[in-house]
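# Residue-level structure breakdown
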Amino acid sequence: MLIHAGAGGVGHVAIQLAKLKGAKVITTVSSAEKAEFVKSLGADEAIIYTQNGFTTEVNGFTGGKGADLVFDTVGAAVFKESIPVTAHFGRLVTLLDPGELNLGEARMRNLLIGFELMLTPMLRDLPEARDNMLKF
C-alpha cells in the first residue's frame, strides 16, 4: 500500500489503520524528519519525494509491480503520477478532486478508482449514509 503525505493529518492515521490490518506500507514525505516520524508509526518505507519524486522508489520497493492500493491525500498532480505506480488490477483512492484526466493508462491497468468525501452524508442530507463511513 502507498499512502501519500504520510506525516499529514489524514496520512498518519491511514498508516496506523493500514498496519492494524496487516498491510505493508510505503509512504511519501517531504523531509528526513517526517520519514523518521512515519516509520515510528509503522511505515515500512518512507520516500522523501522532494529528492527524486516517488515513481522509481515505489517501483523499486514493489519489484516493478506497483502498489496494490494507493491512497492520495495531496491532489491532482500526485493522483496523476500515482496511476503508473498502482499495480495492475489495483485500487487508487483520492480524497480530492483529481482534475481533468486522461485515464487511458488507468484503464489499461484495470484500476478501480475511488473517490472519498467524508462530508457527503452531511452535504447531501443522507443521515443513514453515515453508517457507511464507519465501515473499514
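Provided above is the structure to which this section pertains.
The structure contained in this document is the topic of the report that follows. (Residues numbered from 1 in each chain as written. Predicted model: local features only at pLDDT ≥ 70, side-chain atom pairs only at ≥ 80, totals over all residues. Heavy atoms only, no water.)

## Topic: the layout of surface pockets
In this structure, the second largest pocket spans a volume of roughly 150 Å³. Forming the walls of the second largest pocket are His4, Ala5, Thr28, Val29, Tyr49, Gly53, Phe54, Val74, Val78 and Glu81. Broken down by secondary-structure element, the contributors of at least two residues to the lining of the second largest pocket are strand E2 (26-29) and helix H5 (76-82). Counted by class, the lining of the second largest pocket contains six nonpolar, three polar and one charged residues. (1 Å grid on protein atoms, 1.4 Å probe; cavity = no way out; pocket = protein on both sides within 12 Å on 5 of 7 lines; lining within 4 Å. Points joined across faces, edges and corners; volume = space filled by probe spheres on them. Helix = DSSP H or I, 4+ residues; strand = E, 2+ residues; numbered from the N terminus. Nonpolar A, V, L, I, M, F, W, Y, C, P; charged D, E, K, R; others polar.)

## Remarks on the sheet that holds strand E1 (residues 2-3)
Spatially, six strands are ordered E3-E2-E1-E4-E5-E6 in an open sheet, and the strand pairing comes out parallel. Since the sheet does not close on itself, it has two edges, and those belong to strand E3 (45-48) and strand E6 (112-115), each with one partner. Bridge count for E2 against E3 is four bridges, and the pairing is parallel. Its bridge partner being in E3, Thr27 is matched across the sheet by Ala46. Relative to E3, helix H2 (residues 32-40) is tilted by about 165 degrees, and along the sheet it contacts E2 and E3. (Pairing = 2+ DSSP bridges. Contact = heavy atoms within 4.5 Å. Axes fitted to C-alpha atoms, helices over the stretch in contact; angles between N-to-C directions.)

## Examining a nonpolar patch on the surface
A cluster of nonpolar side chains, Leu117, Leu119, Met122 and Leu123, forms an exposed patch at the surface whose accessible area comes to about 400 Å². Take Leu117: it is sitting in the loop between E6 and helix H7 (120-123). (Patch = residues over 30% accessible without salt bridge, like charges linked within 9 Å, V, L, I, M, F, W, Y side chains within 5 Å. Areas by Shrake-Rupley, 256 points an atom, 1.4 Å probe, with all protein chains shown as cover. Salt bridge = Lys/Arg side-chain N within 4 Å of Asp/Glu carboxyl O.)

## Description of the environment of Val25
With respect to the helices and strands, Val25 occurs in the loop between helix H1 (9-20) and E2. Given a relative accessible area of 0%, Val25 falls into the buried group. As a C-alpha pair, Val25 and Lys39 span 14 residues in sequence and 9.6 Å in three-dimensional space. When near neighbours in sequence (up to four residues on either side) are disregarded, Val25 contacts Met1, Ile3, Ile15, Ala18, Lys19, Ala43, Asp44 and Glu45. (Buried < 20%, exposed > 50% of the residue type's maximum accessible area, 1.4 Å probe, protein only.)

## Description of the pattern of salt bridges
In this structure the tally under the stated criterion is three salt bridges. The salt bridge partner of Asp44 is Lys19, with a shortest N-O separation of 2.9 Å. Of this pair, Asp44 sits in the loop between H2 and E3 while Lys19 sits in helix H1, placing them 25 residues apart in sequence. By relative accessible area, Asp44 is classed as partly exposed at 32%. For the salt bridge of Lys65 with Asp68, the shortest nitrogen-to-oxygen distance reads 2.7 Å. Residue Lys65 is classed as partly exposed on the basis of its relative accessible area, which comes to 47%. A relative accessible area of 44% means that Asp68 is categorised as partly exposed.

## Observations regarding the environment of Thr27
Its location among the elements puts Thr27 in strand E2. On a C-alpha basis, the gap between Thr27 and Ile3 in space is 4.7 Å, while along the polypeptide they are 24 residues apart. Once you skip the residues sitting within four places of it in the chain, Thr27 turns out to touch Leu2, Ile3, Ala5, Gly6, Ile15, Val38, Ala43, Glu45, Ala46 and Ile47. One polar contact links the side chain of Thr27 to the main-chain amide nitrogen of Gly6, over a distance of 3.1 Å. (Polar contact = N/O pair within 3.5 Å; in protein donor to acceptor, adjacent residues only side chain to side chain.)

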